[in-house]
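Coordinate inspection notes
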Amino acid sequence: MDFDFSSEQYMFRESIRGFLEESYDLKKVSALMAGEGRDPRLWSKLAELGCFSMLVPEEHGGLGLSFVDLALVIEEFGRALVPAPVVETIVSTDAVARFGTEAQKAQLLPSIAEGKLTMVPAIAEAEAGFSPDDIAMTAEVAGNGWSVSGRKILVPHAKTADVLLVATRFGTDGKLGLVLCEPSRSGVSLRRHEAFDPAGRFYEVSFDRVRIVRDEILGGDPSGRSVERLLDASGAAAAMLMTGVAGKMLDRSIDYAAQRIQFDKPIGSFQAIKHKCADMAVAIEASQSAAYYAAWALAEEAPELTKAVSIAKSFCGDTARQVCNEGIQIHGGIGFTWELGLHLYLRRAKVLEYSYGDAAYHRERVLASALAEIQRRA
Amino acid sequence: MDFAYSAEDLKFRDDLRRWLTANLPAGWGRTVFEPKDEDERARFRLDWEKKLFKGGWNGIAWPKQYGGRGATLIEQGIFAEEMARARAPEGLNIIGRNLTGSTLLHHGTEAQKQRFLPKILSGEEVWCQGFSEPNAGSDLASVKCQAARDGDHFVVNGQKIWTSFAQYAQWCILLARTDPSLPKHKGISFLLVDMKTPGITIRPLRQISGESEFNESFFDDVRVPAQNLVGELNGGWKIAMTTLAYERGPEDALGRQIRFKLELDQLLETASTLKRGGKAAIDDPVLRQKLAKSVVEIELMRLNCLRSFSKSLKGEPPGPSASMLKLYWSHVTQSMYETALETLGPLAPLGEGDSLSPADGRFQLSFLQSRAFTIYSGSSEIQRNIIAERVLGLPK
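Residues numbered from 1 in each chain as written. Chains lettered and ligands numbered in written order. Predicted model: local features only at pLDDT ≥ 70, side-chain atom pairs only at ≥ 80, totals over all residues. Heavy atoms only, no water.

The next thing to look at is the layout of surface pockets. If a probe the size of a water molecule is rolled over the atoms, the empty space left behind becomes visible. Put simply, the second largest pocket is a space of about 1,100 Å³. Of all the secondary structure elements, the ones that give two or more residues to the lining of the second largest pocket are helix 8 (271-300), helix 9 (305-331) and helix 11 (359-377) of chain A together with helix 1 (7-23), helix 3 (73-85), helix 7 (250-273) and helix 8 (285-313) of chain B. With seven residues, helix 7 of chain B is the largest single contributor of residues to the lining of the second largest pocket. Residue composition of the lining of the second largest pocket, grouped by class: 14 nonpolar, four polar and 15 charged. (1 Å grid on protein atoms, 1.4 Å probe; cavity = no way out; pocket = protein on both sides within 12 Å on 5 of 7 lines; lining within 4 Å. Points joined across faces, edges and corners; volume = space filled by probe spheres on them. Helix = DSSP H or I, 4+ residues; strand = E, 2+ residues; numbered from the N terminus. Nonpolar A, V, L, I, M, F, W, Y, C, P; charged D, E, K, R; others polar.)

Structure representation (C-alpha cells):
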C-alpha cells in the first residue's frame, strides 16, 4: 500500500518544473496569442525531456511508462499553462498504444516519441451533450471504405495537428469508433473559433463526405471502448491540468498576500485572507488525491476507472473554479487587469472545466456507479 | 504507487475479520445495536473494550512492552477500516487510548508509562480530557485553571468544560497554569489527575443531540502528586500539541471515513426506496447531484487519509497537515448530513422513534451530532489559522 510517487517521479517533476519556470513564463504564454499558438522550441525541449515518449511502448521507441509517471508532469503543464496540443498528443498516444493495429502503432508511435507528430482528439459536437451517446457524426459505407460527414467543434490546434482522432458512428448500427485523419484531407474544412482562452487555438472541423478506408479506423474496426478510453484519459488529464492551474493560482495568491500592505500590515495577516487561502489549499490537496488516483486507475485499467475519472473531473473542476475566483479576489483590483495575467489561469481552467464532461455530468456518472455497487452487494 | 496489500497485511486483516465475526453479537449492526440508554451504552462499550484487550486487539500500535502489539502503520490502517466496516463499538476509553497513550509514549517517564499504559488497554482505567475552559476554547493557551506547587503536590483550582466521558473516567489529562507570571504559552503544565481525588465535581451537559457525553468539571483544592507531571514544569503546551496532532490525524480519520461511507450507503438505499410523488426520491435530478457530491467527497476523505499514511510511512512526522485532513472531513460530512435531511424531504421533521421516520431517525440524530465536527479538536477557524500560518507560511 503506497499512495505516493517514487523519488524518481518527484525528481522528474522537479526537472520539468525547473525547465518551465526558467523558459516558459506568462510573457511566452501571451506571445502565443498571436499566430498559430505553437512554440516549436517548447515542443522540442519537452520531447528532449522525454514527455512524448513516456506512454510509447519500448518496442516502438518509447519509455513504456504510465499515467502514474505522467500525473505530476501534467500537473506541471497546468501550472505553467503549457499550450494545448502537448497533453492532447500524450492522451492520444495512450489510445493508439492500446487500440491501434500493429501497422498504426508502427507508423505513429515512433514519430510521437521523437516529438515529430502532433495528434489531437476531435470529439465535441455543437448539438451534443457531454455523453458519447450524443455523438451524431456518422461514417456511411461507401465502396470498400466509408464516407464521413458531420461537424466537430473545439478541436484544439486542428490546423497545425498532423493527425485528428475523430470520434464517429459507423453505418446503420451506429457503433462508435475513432478515425485517424489528417486535417488537410480533401473534404475537411477548418474554421477558427473565437475562443474563451486567447492562448488556446480551437477549430470547428467540418467533414464533407471524407473518404476513409479500414486502415484508418483505430484498431481496424470501430471500437466504442477506444472512444470511452480516450474520453476517460482526456477527462483525467484535464483534472491533473486543473489541479496544476489551481496550485499555481494559490501560490501566486500567497506570495501577493504576503507582500501587499494595507492598513499597515500584509493582507495575508488578516484572517479573511488566511482562511480563504487555507480553504483553497485543502481543496487542492483533495484534488491531488482525486487526480492521482485517476492516474493510477488509468494506468492499471482498474475496475473503478470510470468512477475514479468522474470523481477527479468533477472535484478538480469545482476546485479550479473556487481557487481561480478566490485568487483573483485576493489580488483585488490588480487581479482584474489583463496585464497581470491571472485571467489566463481563469480562462484555461474554465475551458478545461467544460471539456470532456463538466462537473454535473461526471457527478451523475459517479452516482450511477455508486448505486450499481450497492445493488451488486445486495 | 501501489494499492495492493502484502500477504502479511492480508493475513492480519483476515485474522481480525475472523475475530470480529466470532466476538460481535450475531446480527450486529443490522438487527442488533448498542443500548440506547447512555449509561448502559457506556458499560457496553467498556465491556467491548475489555473483550478487545483479551483478544489482543486493543492499542495495537503501542509497543509490546506496554501491552500493545507494535503494529505497523499499514496494520493500523487496516484495523481502523475493519472495525468501522464491522460497525464495531468505538469503546469507551477513546481518550485514554488515542490521546493519553500517544502522549505518554512520546513524553512520559518510564515510570509513568509502566504505571498508566497497561491499564488503559485493559479497560481498568478510563480517561477524560481536561483541556478547554469556559474562557479558553479556541484560545486554549489562555487556560486559567491553576496548579500551585505545595511540597510534593500540585494543588489544582479551576473549571474545565466539554470534558467528554468525565462521568465514567478514573483519570484525566489536565492542562493547568503553573506559572501565571510567564507568557501564556509558557506557563502551562500537563498533569495526570486521579478523578477520585477529593474536590472534583462533575456536572453533565446536555448536547444539541439530547445526549450528555460531555461535562463541566470543577476542581477545588485538588491535590495531585508531583510525579504526575508529564514532561517539564511549564512545558505543557508543546505536549498538548502532540495530543492534538493525534486527535486530528489520519489514524483517527480513516476509521471515521468507513463509518461515514456506511451511512452514505444507507442514505443511498433510503433515497432509492423512499417514495415521493409517485417516484423514488433518488429520481430527483437535483438530489442526485447533491448525493453524488457526497459520494465524491467521502471517497476523497479516504484517499486523503491514504496519502497522508503513505507520507507517514516514509517518515514524515504528523504535524500541521493533520489540520487539512480534519478541516476537509468535518465540512464534507456536515454537508452530507444536510443532504440526508434533504433526501428525507417532507419526512425530515420526524424524529427518532416515530413510526414514519425513515431509517428510524438516524439521519436526524447524525445531522445534529455533525454540528460538533467543525468545533471539537480545534474549530475550523483555528484549523484555518494553523494551515495558513504553518503550512502556507502566511504572516501572523
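Going through the model one piece at a time under the given rule, you end up with 27 aromatic pairs over all chains. Where A:F5 meets A:Y292, the ring centres are 4.7 Å apart and the plane angle is 80°; that geometry is what we call edge-to-face. Taken together, the positions of A:F5 in the segment before helix 1 (7-23) and A:Y292 in helix 8 put the pair 287 residues apart, joining distant regions of the chain. Its relative accessible area of 2% is what places A:F5 among the buried residues. A:Y292 gets classed as buried once you look at its relative accessible area, which sits at 5%. Positioned above the aromatic ring of A:W43, the side-chain terminus of A:R38 is 4.8 Å from the ring centre. The ring of B:W57 is capped by B:R69, whose NZ or CZ atom sits 4.2 Å from the centre of that ring. (Phe/Tyr/Trp six-rings, centres within 6.5 Å; stacked < 30°, edge-to-face > 60°. Buried < 20%, exposed > 50% of the residue type's maximum accessible area, 1.4 Å probe, protein only. Lys NZ or Arg CZ within 6 Å of the ring centre and 35° of its normal.)

A word on the packing of helix 1 of chain B against helix 3 of chain B. All names here are of chain B. Where helix 1 contacts helix 3, the axes come no closer than 10 Å and their chain directions differ by 30°. By the criterion of interaxial angle, the relationship of helix 1 to helix 3 is roughly parallel. Of the two elements, helix 1 crosses helix 3, and the hand of that crossing is right-handed. Here D9, F12, R13, L16, R17 and L20 of helix 1 lie close against helix 3, whose contacting residues are I74, E75, I78, F79, E81, E82, M83 and R85. For the contact of helix 1 with helix 3, the per-class residue count stands at seven nonpolar, no polar and seven charged. (Axes fitted to C-alpha atoms, helices over the stretch in contact; angles between N-to-C directions. Parallel < 35°, antiparallel > 145°, perpendicular 65-115°, else oblique. Left-handed = near helix turned anticlockwise from the far one by under 90°. Contact = heavy atoms within 4.5 Å.)

Another point: unusual backbone geometry. As a rule of thumb, non-glycine residues mostly have phi less than zero, and peptide bonds are mostly trans rather than cis. Residue and element names in this part refer to chain A. The phi torsion at L154 lies on the positive side, around 55°, for a residue other than glycine. Relative to the helices and strands, L154 resides in strand 3 (residues 145-156). At R209, a residue that is not glycine, the phi angle is positive and equals roughly 45°.

Shape is all these values report; function is a separate question.
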